[in-house]
Structure formats: C-alpha cells, structure tokens
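The lines below spell out each chain.
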Amino acid sequence: LVLELGAVSSAILFGMQVALRSSGAYVRLVALLFFLVLMAIREYLRTCSRKSAVKHQAELDQVWEDILSQEDDSKLRVLVEMAEAFCNSAKKPTNLRQFRLAYIQTSEGDVKTDVERIRTLESFSALKRTRSSSTHASFGAFTSFASVTLSETNDITSFDQLYAQGVTMQKVFVDKLVVIVEELQNSHGSTARFHETPMKSFEASYEKILRKYHGAVARHTDLVRQSIVFERIQDITDCLQVLSRDREVVIVSLTNRLAVGDDSRHLGQVRDVCLKVRLVTEQSRFYGTCAFVCELRLVLARLQAAATPSMLEDLKTYRRIHQIDLRARCSLFMSKLDPLAWFCMLSPDRIRKLSRVVVDKISDMGKEVGSLNSLYRSAAHSMTETRRQKDLLRQRCLFAGDTLGARLQELRLAVKKAGTASVLFTSIPCTLAIQKTWFKVLLLAGGTFYLIYTFGPGGIWYEFTGRQVFHVHAARMKVVQWREAALPAGGNYSLQLGWILDGCKVSSPVEGVEVGNDFYFSFKTLEAANAFYFITDSRPGTQGGDPVRFQLEVTSTSTESPWELQDSSWILKAGTRCKWDLYSTACIPLWEEPYPTTLKRGAENVISLVPPLYQAVGTIFYLFPVMFACLGGALASFLGWPRTGVVIFSMCFSVPAFFEIATGICSAINGLAIDILFWFFQGFAALVTGLLLVFWEEKFFSFLPVNALMNYFAINFHYSYVFGRRGFQVPISGSILILCWLGVLLLRRMAIHRARRGIEDDVKHYDEVWQALTTNRETMEQVMRLKAMVDAGPEAWRKGVIYQFQGRDQGQSPSGFDWVVRHDTSKIACLDQLYNQAMLLELPYLRKVKELLKKWGGLVQDVEAGEEGP
C-alpha cells in the first residue's frame with residue numbers, strides 16, 4: 001500500500017497548497033504524478049500477467065472439458081465427496097508449519113504417540129503466532145531471549161535445519177511413493193506413473209520464504225514435492241483410498257482443484273489434487289522428521305502434458321504478483337510495533353540470520369534425546385564411518401544451523417562464577433564485566449554522579465535554566481576603542497544603556513555619565529537582566545565616537561554616583577562578544593574583536609548573554625544520554641541481558657558524539673569556525689570509543705587513554721588559544737576515563753602477579769628438567785636438527801595462526817547460491833561444521849597415526865570411549 005498512501009498524501013498536500021496558493025504546489029504535483037505513474041506501471045504488469053494466466057487457464061480448461069466428456073460424471077462426484085470428507089476430518093490448522101520432533105523409543109510400528117505429539121504441537125504453536133520464534137532469531141546480545149522463545153514452541157527456525165530435514169525426507173518420501181504406486185498398479189490395475197522430482201532449489205525457497213511467508217521458515221511446506229500422474233479420475237480416487245488406509249501416511253490437508261465451478265479461486269494453478277502429508281515411519285522418527293510436511297500432487301496425464309514450461313512460468317509469475325497475503329502483512333506490521341520487539345531487534349531478521357538460533361534443550365512429551373553429547377560424539381571405538389554419517393545427518397535434522405556456535409556464545413557470556421582476572425584478559429571485557437556486581441555498582445555510581453552534577457544543588461542544569469540572569473543597580477562601560485582612534489576622550493558623546501530579560505525590555509534607557517573613557521549608568525531600582533542594549537548618539541557627525549570595543553561591568557550596590565565606587569565593587573559581565581564556557585555555557589566576555597556598531601544615528605545595538613541552543617546541546621544536553629546509558633546499562637544487566645547492557649552503555653559515548661559534532665557544525669555556520677576544532681576532536685574521540693565498544697570490544701580499553709588525551713588536548717587548546725586563559729584545565733570526562741584505564745591496568749598487573757606466583761614451583765621444576773636435557777650433548781644435537789628441519793619446511797609450519805578450511809569439488813560448477821557463500825573465503829566460521837568435519841576425519845586420522853607408529857615407533861595415548869582426552 002506504499003504507492004496508494006503516497007498518492008493520497010500527495011493529493012491532499014497538493015490540494016491544501018493550491019488552496020493556500022503556496023509555491024510548493026508544483027513539487028506536490030510532481031510527487032503525485034510520480035506515484036500515479038508507478039501505480040499505472042504496476043497495474044499494467046498485473047493486467048498483462050492476468051491476461052496471460054487467463055489465456056493459459058482457458059487452454060487447460062479446454063483440455064479439462066475434453067477429459068470430462070470422456071469420463072463418467074459419477075467418478076468425479078465420488079472423488080469430490082471423498083476430498084470433502086478428507087477436508088472435514090483433517091482439521092487443517094490456519095497455517096501449516098514445519099516442526100522438529102525428537103525420537104522416542106516405542107514399540108515397532110506404534111506411531112500413534114508421534115501423531116498425537118504432532119497434533120499437540122500444531123495446536124500449541126497456533127497460540128504463539130504473535131510471537132513466532134522465526135522472527136526472534138538469536139543474534140549476539142539476545143541469546144537468552146531467543147532461548148526463552150524457542151522453549152515455547154518446536155517450530156523449525158533455521159533454514160539449515162529445514163533443508164537437512166528435506167534432504168532426509170526426499171529419499172524416504174520417494175521410497176514410500178514407489179511402494180504406493182506399485183500397490184496401485186498390482187492391486188487396482190491403476191495407470192499411476194511416478195518420476196522423482198528434485199527438491200526446490202535454494203533460490204526458489206528463499207524467494208518464497210521472504211515473499212509469501214515473510215521470513216517464517218516453518219511455513220515453507222513444499223520443499224519436498226512429488227507428483228503421481230494418472231490417466232483416469234478413478235485412479236486418483238483409488239490412490240486417495242490407499243493413502244487413507246496407510247498407517248504411515250498422515251494427510252494434513254487436501255486441496256481439490258478438480259472440483260467444477262472453482263475456476264476463479266485456482267487461477268494460476270494447474271488442475272490437480274494437492275495433498276500435504278507427513279510420513280511417520282521408523283526411519284523418519286529416528287531422524288526427527290516425522291513432523292515434516294511434504295507436498296504430493298495427484299494430476300491427470302493430459303493436464304500435465306498440456307502444461308508447457310513457458311505456461312508454468314507465466315502462471316508462476318501471476319501467482320507472485322497477485323498472491324499477496326494482506327492479513328499476514330498487517331500482522332507482521334503490527335508485530336513490528338511491539339516495543340519489546342523493537343528493543344530486542346538490532347538488525348533485519350532474514351534468512352542469513354535465521355540459522356543463528358539457539359536450541360537450548362528438547363523438552364517434549366516422554367523421554368527424548370535431549371543431550372548434545374548424544375548427537376556430537378567423539379568415541380572413536382564405538383562408531384563406524386557409516387554410523388557417524390547417519391548420526392551427523394540426524395543432528396542436522398534435530399538441531400538448528402549453528403547449535404554449537406550458539407552454545408559457545410552462551411558459555412562465552414556465562415562467567416558469573418569466574419573471577420575478575422579472567423574478565424580482564426578476554427576479547428569482550430565489558431560484556432563479561434557488566435555481569436559482575438561491582439561493575440553494575442560502578443555504572444550506577446557513575447549515573448548517580450552525573451545526576452547530582454546536573455540536577456543537584458548548584459548543578460549546571462539550574463544554571464542553564466536560569467538563563468544567565470544577573471541583578472544590577474549600576475553599570476560601567478569601559479570603552480577600549482572608539483570608531484575613530486584619534487578621537488580624544490571626553491568628547492561630549494551621548495550614550496544610553498538599557499536592560500533586556502528573556503527578549504523583553506525591562507527598563508527605559510538611561511543616559512550615561514562620561515568620565516574619561518568610561519560611561520557610568522545608574523538605575524533607580526534593582527533590575528534583573530540577561531542582555532543589554534545601548535543607543536548611540538543621535539546627533540549627526542558623531543559616528544567617530546561610537547564605541548566598538550568595550551567592557552561592561554555591573555554592580556548591585558545602590559548609588560547615585562557609581563563613578564565613586566571602588567573597582568572591587570564592579571563585576572565584569574560582558575564585552576563586545578561572548579564565548580561560551582565549556583562546562584556551564586556561561587558568557588566569557590571578550591573584547592579583542594570590534595563590535596559591528598551601526599552607523600545609523602540613535603540606533604539600538606543588542607548584546608545577549610544567553611547561550612544559543614546548539615551550544616547547550618554540546619555542553620548540557622549531552623549529559624542526558626550519559627545518565628541514561630549508565631543507569632540503563634546496569635538495569636539491562638540486572639534483567640539478564642548483558643550484551644544489551646553493553647550496547648546501551650555505549651550510548652554514553654556515541655550519542656554525545658553526535659551532539660558535539662552537530663554543535664561544531666552549527667558553530668561554524670554562525671561564524672565561530674575556530675570552535676569546530678574543539679567539538680570535532682571531542683565528537684570523533686567519543687564516536688570511535690562507542691563504536692569500538694559495540695563492534696570491536698577488545699580494543700575498547702586500549703582506546704580509553706587516546707580518548708582522554710584528545711579530550712585534554714582539545715579543552716586546553718580551546719581555553720588557551722580561544723579564551724586566552726593560562727593554566728592547565730582538567731576535564732571531568734577525560735579524568736574519569738584515565739582513572740578507569742589506570743584501574744584496569746592495575747587489576748591486570750595484580751592478576752598477572754598472582755598467576756606468576758602460582759606457577760613458580762612448576763616453572764622451577766620445568767627449568768630443572770630442561771637443564772638436565774640440555775647437558776646431554778646427543779639430545780641437543782637432535783634438538784638442533786629438529787629446529788633446522790622446521791626452519792627449512794613450509795612457511796605454514798612457522799605461522800602463529802592456523803585456520804581450518806573447507807574443501808570444494810572443483811569439477812562441479814557451483815550454483816549462484818554456492819558462489820555467493822564460498823566466494824573469496826573458504827574458512828570455516830561455524831563450530832557445527834568444524835565438529836562435523838572432525839567427526840568424519842577422526843577414524844581416518846587415527847588409522848594414519850597408527851601407521852606412523854608402526855613405521856617410526858613412538859607412543860600414543862589411547863583414550864577409552866566416554867573418557868575425555870588430555
């Protein structure tokens with residue numbers, strides 16, 4: 001509905017701007033025409049596809065009428081009645097879904113238990129449609145969330161797992177159909193013919209899952225599809241009867257497209273009887289695929305022959321364009337409005353992420369295979385190579401695509417019982433440390449500190465909201481430079497001064513008393529102001545006496561002769577321009593640059609002490625994300641979301657970085673180009689720190705001193721060069737980062753010192769043994785020969801990093817999917833794949849080692865089954 005909504009909104013805005021005679025109506029008209037053109041193109045494509053589908057449907061209907069003219073009407077009525085009976089008894093769920101079902105050891109041939117389990121899963125999963133596990137794939141931070149969701153349903157959530165089940169069921173399904181066709185031919189004299197159909201390709205499956213099912217892998221039920229071709233309608237009826245009597249075949253749904261008068265509903269489809277079936281055999285139960293849904297088409301031979309490849313492609317195009325599940329799309333849109341889903345979803349949930357799901361454990365009815373160790377075995381003596389291959393296929397059918405990798409991720413984060421020392425030497429120190437109570441307390445303390453610093457008594461927030469208001473009874477303007485430098489002091493110049501509070505004049509202008517180069521102004525009442533204005537002499541020819549560089553001092557002392565007050569009574573409040581303090585946004589008076597006093601006589605010249613909003617964004621408002629990040633990170637960790645807590649904690653760097661960069665840009669736009677250096681230094685350091693914390697956590701602590709040094713340099717450069725102030729400035733943020741970095745270094749040194757003391761005895765014993773070996777001349781000669789051999793060998797022997805690679809059959813031309821997956825990389829990135837390869841290579845490797853033992857001698861430790869090797 002994007003085009004419709006765009007056209008309607010453009011039409012409404014166009015009508016409003018035409019009514020208001022706005023100049024922007026032409027833009028709205030162009031937008032409206034753009035949407036209308038796109039809608040016209042879309043409708044043209046739809047019309048063309050529909051015309052093509054109607055044409056092909058007419059051809060198929062002509063063939064169907066010829067068949068009906070040669071068949072007895074009673075046979076078709078029997079088939080229709082039988083199909084309706086199947087539909088009424090099947091109790092098809094709203095949306096068919098694929099399930100995993102672990103194996104339960106029962107008596108041979110007893111499939112009732114598994115059938116009941118499947119029905120229970122279907123009814124149970126129907127209650128969870130609003131929170132489908134396929135739309136909450138585990139990714140990094142949300143492993144625990146995905147585990148909780150997956151424990152509620154047994155839907156297949158990984159395309160790897162679905163395809164593994166399809167590979168397994170392809171042979172089981174074909175073998176079963178061969179038996180059924182032979183029975184039909186022998187017992188019923190049927191004309192049934194069967195030819196194996198390959199599985200649906202990767203690309204076609206991806207397209208259908210994303211287009212029709214919106215990423216829900218479990219709803220893809222035609223991955224394995226087969227067809228039985230018949231010459232007569234009676235043969236289809238006989239086939240349905242045979243299928244209904246077979247105890248190993250469970251008909252889930254039936255669609256009869258041979259029913260008369262149903263043309264519009266099945267436009268784009270070849271007339272047939274389409275069944276969704278499950279096979280509950282001993283083999284499918286062993287592999288956990290007895291709940292896998294396969295598609296079976298019962299089609300007449302003449303209709304099958306009439307459907308040419310070009311016709312099938314046109315019908316497929318029509319279905320792609322016209323079959324839009326609006327209800328499913330609306331449900332998907334409403335699910336995206338769920339606040340919890342927004343909070344937990346960091347990235348798009350597509351097929352490439354669906355294989356990252358964690359299956360924590362299998363908790364079905366009865367006693368099941370619920371241990372990873374029963375599927376990932378390493379007992380070399382108890383399993384043959386054939387048994388290993390069957391076991392690997394079984395685990396791929398029962399578990400999601402990266403089960404071991406996801407479990408590794410869980411163990412990587414599950415360090416609540418580990419000591420602080422182990423946290424400091426890992427690649428994800430913050431993710432692990434945030435689970436520690438002391439780190440949560442530090443975050444809470446940091447958030448509390450910034451709360452008090454901002455909103456506490458005398459906090460900078462109250463100073464900012466006070467809008468730099470001051471109280472004044474008298475003022476003194478010390479003129480540093482006149483417009484004409486040769487003009488003598490005391491030139492009988494008339495200068496008036498008044499006060500402004502929040503943009504409103506609060507006093508009438510008072511004429512000043514000129515004493516030397518100073519003008520004194522006295523007011524009858526105590527005035528509150530945060531800006532002032534001065535009016536130049538209105539007499540012609542006095543332009544040379546206009547003050548262009550000056551200082552404004554104020555006092556709250558009530559006096560009619562302010563020129564008699566001591567200098568200590570005066571407070572410098574403003575100059576020709578203001579620079580804003582980097583801690584409180586207060587005005588820092590500067591008078592080095594001349595004020596652009598207008599040449600117009602009697603004109604008002606206004607100087608405000610209120611900081612602009614962009615300055616407050618970089619100085620005050622950046623504290624709000626810092627407080628939220630410290631407190632929110634600790635709260636997320638308390639709730640059991642450590643990775644989420646780290647992402648929230650990173651906002652205390654990344655969000656202020658954007659604020660500071662935006663402040664620098666606004667400063668440059670407003671003529672303060674020198675300020676952009678400070679703000680960009682600050683923003684760049686904070687942004688890099690936040691990104692490292694999320695994407696390269698291992699380098700986070702190493703970058704903290706760099707951030708602190710950039711912070712120190714920027715603020716001291718700004719104060720010395722821009723403000724002209726001497727003295728070393730100590731920024732709060734940089735100091736906190738330096739203290740954190742020094743604390744981490746200290747803890748690491750302490751941990752290393754304790755570890756070194758713990759292995760002192762072992763190192764001493766090792767040195768003694770090595771010393772004894774080095775005193776033997778023959779032994780040292782052998783060691784040197786071994787070293788020379790290694791140095792002369794391939795470079796890979798001396799590399800510090802070794803990778804596992806996956807091989808590929810170079811004789812086969814890979815498909816587009818294979819090329820995308822394997823192009824430019826062959827490293828194994830999945831622990832499941834690594835373990836599968838190790839499991840298959842363990843026996844050949846053991847045989848090779850024993851051959852080397854017989855040839856060269858030596859010893860090898862033989863580990864018994866079930867024991868863990870050294």
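Fair warning: this is a prediction, and the values are worked out from it, not measured in the lab.

Parameters and conventions
Residues numbered from 1 in each chain as written. Predicted model: local features only at pLDDT ≥ 70, side-chain atom pairs only at ≥ 80, totals over all residues. Heavy atoms only, no water. Salt bridge = Lys/Arg side-chain N within 4 Å of Asp/Glu carboxyl O. Helix = DSSP H or I, 4+ residues; strand = E, 2+ residues; numbered from the N terminus. Buried < 20%, exposed > 50% of the residue type's maximum accessible area, 1.4 Å probe, protein only. Pairing = 2+ DSSP bridges. pLDDT = per-residue confidence, 0-100. Contact = heavy atoms within 4.5 Å. Phe/Tyr/Trp six-rings, centres within 6.5 Å; stacked < 30°, edge-to-face > 60°. Lys NZ or Arg CZ within 6 Å of the ring centre and 35° of its normal. Disulfide = S-S within 2.5 Å. Core = buried A, V, L, I, M, F, W, Y, C linked by side-chain atoms within 4.5 Å. Patch = residues over 30% accessible without salt bridge, like charges linked within 9 Å, V, L, I, M, F, W, Y side chains within 5 Å. Areas by Shrake-Rupley, 256 points an atom, 1.4 Å probe, with all protein chains shown as cover. Axes fitted to C-alpha atoms, helices over the stretch in contact; angles between N-to-C directions. Parallel < 35°, antiparallel > 145°, perpendicular 65-115°, else oblique. Left-handed = near helix turned anticlockwise from the far one by under 90°. Nonpolar A, V, L, I, M, F, W, Y, C, P; charged D, E, K, R; others polar.

Peer 1: If you had to explain the pattern of salt bridges to someone new, which residues and values would you point to?
Peer 2: Within this structure, the stated rule accounts for 27 salt bridges. Close ionic contact of lysine 276 with glutamate 295 constitutes a salt bridge, the shortest N to O distance being 2.9 Å. Placement of the pair is lysine 276 in strand β4 (residues 273–279) and glutamate 295 in strand β5 (residues 294–300), with a sequence separation of 19 residues. For the pair lysine 276 and glutamate 295, one class covers both residues: buried. The salt bridge partner of glutamate 697 is arginine 643, with a shortest N-O separation of 2.9 Å.

Peer 1: I'd like a rundown of the sheet that holds strand β3 (residues 249–256), residues and numbers included.
Peer 2: Backbone hydrogen bonds are what pair the strands of a sheet, in a parallel or an antiparallel way. As summarised here, the arrangement of the 5 strands in space is β1-β2-β5-β4-β3, forming an open sheet in which the pairing is mixed. With one partner strand each, in any of the chains shown, β1 (193–194) and β3 form the two edges of the open sheet. Note that β4 and β5 share 5 bridges and pair antiparallel. Bridge pairing in β5 links lysine 276 to glutamate 295.

Peer 1: Just give me the short version of the confidence of the model for the protein chain, but keep the residues and values in it.
Peer 2: On average, residues of the protein chain carry a pLDDT of 75, and 73% of them reach 70 or more. For the protein chain, the element scoring lowest by mean pLDDT is helix α14 (residues 351–354), at 30; strand β2 (residues 225–230) scores highest, at 93. Long-range and interchain partners of residues 808–825, a stretch whose pLDDT sits below 50, account for 9 contacts in this model, where long-range means more than four residues apart.

Peer 1: Tell me about the packing of aromatic side chains, and name the residues and values.
Peer 2: This structure, assessed with the given rule, holds 27 aromatic pairs. Seen from their ring centres, tryptophan 438 and phenylalanine 439 are 5.7 Å apart, and the 85° between their planes marks the pair as edge-to-face. Classification of tryptophan 438 as partly exposed rests on a relative accessible area of 32%. Judged by centre distance (5.4 Å) and plane angle (80°), the ring pair of phenylalanine 534 and phenylalanine 550 falls under edge-to-face. Placement of the pair is phenylalanine 534 in strand β12 (residues 531–535) and phenylalanine 550 in strand β13 (residues 547–555), with a sequence separation of 16 residues. For the pair shown, phenylalanine 534 and phenylalanine 550 are each scored as buried. Ring pairs connect the aromatic residues Trp438, Phe439, Phe649, Phe653, Phe700 and Phe701, which therefore count as one cluster. Looking at lysine 505, its charged tip hangs above the ring of tyrosine 533, at a distance of 4.7 Å from the centre.

Peer 1: Please provide a residue-by-residue account of the state of the cysteines, values included.
Peer 2: Inspection of the entire model under this criterion finds 1 disulfide. Each disulfide pairs two cysteine sulfurs, and for cysteine 578 the partner residue is cysteine 587, the sulfurs being separated by 1.8 Å. Across the S-S bond linking cysteine 578 and cysteine 587, the dihedral sits near -80°, which makes this disulfide left-handed.

Peer 1: So what's going on with the nonpolar core? Which residues, and what values?
Peer 2: Judged by nonpolar contacts, the single largest core of 52 residues is most densely connected at Ile228, Phe230, Leu275 and Leu298. With near-sequence residues (within four places) excluded, isoleucine 228 lies in contact with Leu177, Val181, Ala192, Arg193, Phe194, Cys239, Leu296, Arg297, Leu298 and Val299. Among the nonpolar cores identified, the runner-up in size contains 29 residues, and Phe439, Met627, Cys652 and Val744 belong to it.

Peer 1: Account for a nonpolar patch on the surface, naming residues and giving values.
Peer 2: A cluster of nonpolar residues, Phe34, Val37, Leu38, Ile41, Tyr44 and Leu45, forms a patch on the protein surface that exposes about 580 Å² of accessible area. For leucine 38, the location among the structural elements is in helix α2 (residues 25–70). For leucine 38, a relative accessible area of 30% gives the class partly exposed.

Peer 1: Quick rundown of the sheet that holds strand β11 (residues 518–529)? Include the residues and the values.
Peer 2: Taken in spatial order, the 5 strands make up an open sheet running β10-β11-β6-β13-β14, and their pairing is antiparallel. Both edges of this open sheet fall to β10 (513–515) and β14 (571–575), since each of them pairs with a single strand only. Mean inter-strand twist for the sheet, computed between neighbouring axes without regard to direction, equals 30°. Direction of pairing for β10 relative to β11: antiparallel, over a ladder of 3 bridges. Opposite valine 515, over in β11, you have aspartate 518 as the bridge partner.

Peer 1: How would you summarise the pairing of β3 if you had to cite specific residues and measurements?
Peer 2: In terms of burial, β3 is a largely internal element, 6 of the 8 residues being buried. When β3 meets β4, the two strands line up antiparallel, connected through 7 bridges. Paired with isoleucine 251 across the strands is valine 277, a residue of β4.

Peer 1: Lay out the packing of helix α1 (residues 2–19) against α2 with the relevant residues and their values.
Peer 2: Two numbers describe how α1 lies on α2: the axes approach to 8 Å, and their chain directions differ by 155°. What the angle tells us is that α1 and α2 run roughly antiparallel. Here α1 and α2 pass one another in a crossing that is left-handed. Of the residues in α2, those touching α1 at Leu3, Glu4, Gly6, Ala7, Ser10, Ala11, Leu13, Phe14, Gln17 and Val18 are Ala25, Arg28, Leu29, Ala31, Leu32, Phe35, Leu36, Leu38, Met39 and Arg42. Residues belonging to the contact of α1 with α2 are distributed by class as follows: 14 nonpolar, 3 polar and 3 charged.

Peer 1: Let's hear about the packing of helix α25 (residues 700–722) against helix α26 (residues 732–758): which residues, and what values?
Peer 2: At a minimum axis separation of 8 Å, α25 and α26 run at an interaxial angle of 150°. Judged on the interaxial angle alone, α26 and α25 are roughly antiparallel. Considering the relative orientation of α25 and α26, their crossing is left-handed. On the side of α25, the interface is formed by Phe701, Leu704, Pro705, Asn707, Ala708, Asn711 and Tyr712, while α26 contributes Ser733, Gly734, Ser735, Leu737, Ile738, Trp741 and Val744. Class assignment of the residues belonging to the contact of α25 with α26 gives a composition of 9 nonpolar, 5 polar and no charged.

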